[in-house]
Amino acid sequence: MINIVLFGKPGAGKGTQAEFLKEKYNLTHLSTGDIFRFNIKNDTELGKLAKTFMDKGDLVPDEVTIQMLQSEVDNNPDSAGFLFDGFPRTIAQAEALDAFLASKNQNITATVALEADDEILVQRLLKRGVTSGRADDQDEEKIRNRYQEYNEKTAPLMAYYEAQGKFHAVNGIGTITEVNERLNHVFDSL
């Protein structure tokens, strides 16, 4: 079983590349954003709990996020592996994910980060904001705040996985095909 954590700042192409990777390597793509939306839309117990925090403007606690993720893993027992997108975002979440996977005699195989210059990504997101209508991609200040949060909270995860020999950086700038070829090279080496 192969379990990959896919990192990258907003606009780095994680979602686009995840679609190719899940097909080629027969992985179950677990996007925390999608999982949150599904649980809230379908009014699940975890969705209701998450919504109580979100309605107050609070971050959903790690325990709730982890429970949602565990439920998704448990709902896919025949999966050849998982592609974690948007999780973990903190060291505490990484440790909880490691403990959960260990309880299933699994582990994180590798982490792969799509790296790109902030200025290129800001322009990419502003362009996406025009075509998609996504409000969070139309305000440069908000975009830069998201990058600052990413640097503060997610970047330490790279050191966490690097210490385990599981971190791989991939240049995220180029055509979709070029980036996909770089990712395939890393995946094929695992």
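Here is what the cut-offs are and how they apply
Within every chain, residues take consecutive numbers counted from 1 along the sequence as written. It should be noted that, the model being predicted, local features are given only for residues of pLDDT at least 70 and side-chain atom pairs only at 80 or more, the latter also being counted only at that level, while totals for whole chains, interfaces and linings use all residues. Values shown for side chains rest on all heavy atoms present in the structure; no hydrogens or waters enter the calculation. UniProt positions are given in the numbering used here, feature names are shortened, and annotations may be inferred rather than shown by experiment. Any two strands are treated as partners once DSSP identifies two or more bridges connecting them. Strands here are runs of E lasting at least two residues and helices are runs of H or I lasting at least four, both read from the DSSP assignment and numbered beginning at the N terminus. To obtain an axis, a line is fitted to C-alpha atoms, over the contacting stretch when the element is a helix, and the angle between two such axes runs from 0 to 180 degrees between their N-to-C directions. We call two residues in contact whenever any of their non-hydrogen atoms come within 4.5 Å of each other. With a 1 Å grid laid over protein atoms only, a set of points is called a cavity when a 1.4 Å probe fits there but cannot get out and a pocket when it is open yet has protein on both sides within 12 Å along at least five of seven lines; lining residues have an atom within 4 Å of a point. Grid points are joined across faces, edges and corners, and a volume is the space filled by probe spheres set on the points. Each residue receives one of three labels: charged for Asp, Glu, Lys and Arg, nonpolar for Ala, Val, Leu, Ile, Met, Phe, Trp, Tyr, Cys and Pro, and polar for the others, Gly being one of them.

- For the chain, the name recorded in an unreviewed UniProt entry is Adenylate kinase, with Flavobacterium orientale as its organism.
- Quoted straight from UniProt, the Subunit (unreviewed entry) entry for the chain says "Monomer."
- Word for word, the UniProt comment on the chain under Catalytic activity (unreviewed entry) is "AMP + ATP = 2 ADP".

**Looking at the sheet that holds strand S3 (residues 81-85)**
- Ordered by their spatial adjacency, 5 strands build an open sheet running S2-S3-S1-S4-S5, and the pairing between neighbours is parallel. Either end of the sheet is taken by a strand with one partner, and the two such strands are strand S2 (28-31) and strand S5 (167-171). This sheet shows a mean twist of 25° between the axes of neighbouring strands, independent of strand direction.
- In this structure, strand S1 (residues 2-8) lies alongside S3, joined through 5 bridges in parallel fashion. Residue Leu6 lies in a different strand from S3, and its bridge partner there is Asp85.
- Sitting on the sheet, helix H1 (residues 14-25) is in contact with S1, S2, S3 and strand S4 (110-115), with an inclination near 175° to S3.

**Some remarks on the layout of surface pockets**
- What the largest pocket holds in volume is close to 1800 Å³.
- Forming the boundary of the largest pocket are 50 residues, of which Pro10, Thr32, Gly33, Gly86 and Arg89 lie nearest the centre.
- At the level of secondary structure, the elements contributing two or more residues to the lining of the largest pocket comprise S1, H1, S2, helix H2 (32-41), helix H4 (62-74), helix H6 (118-132), helix H7 (140-163) and helix H8 (176-188).
- Element by element, the count of residues in the lining of the largest pocket is highest for H2, at 6 residues.
- For the lining of the largest pocket, the residue count by class is 15 nonpolar, 18 polar and 17 charged.

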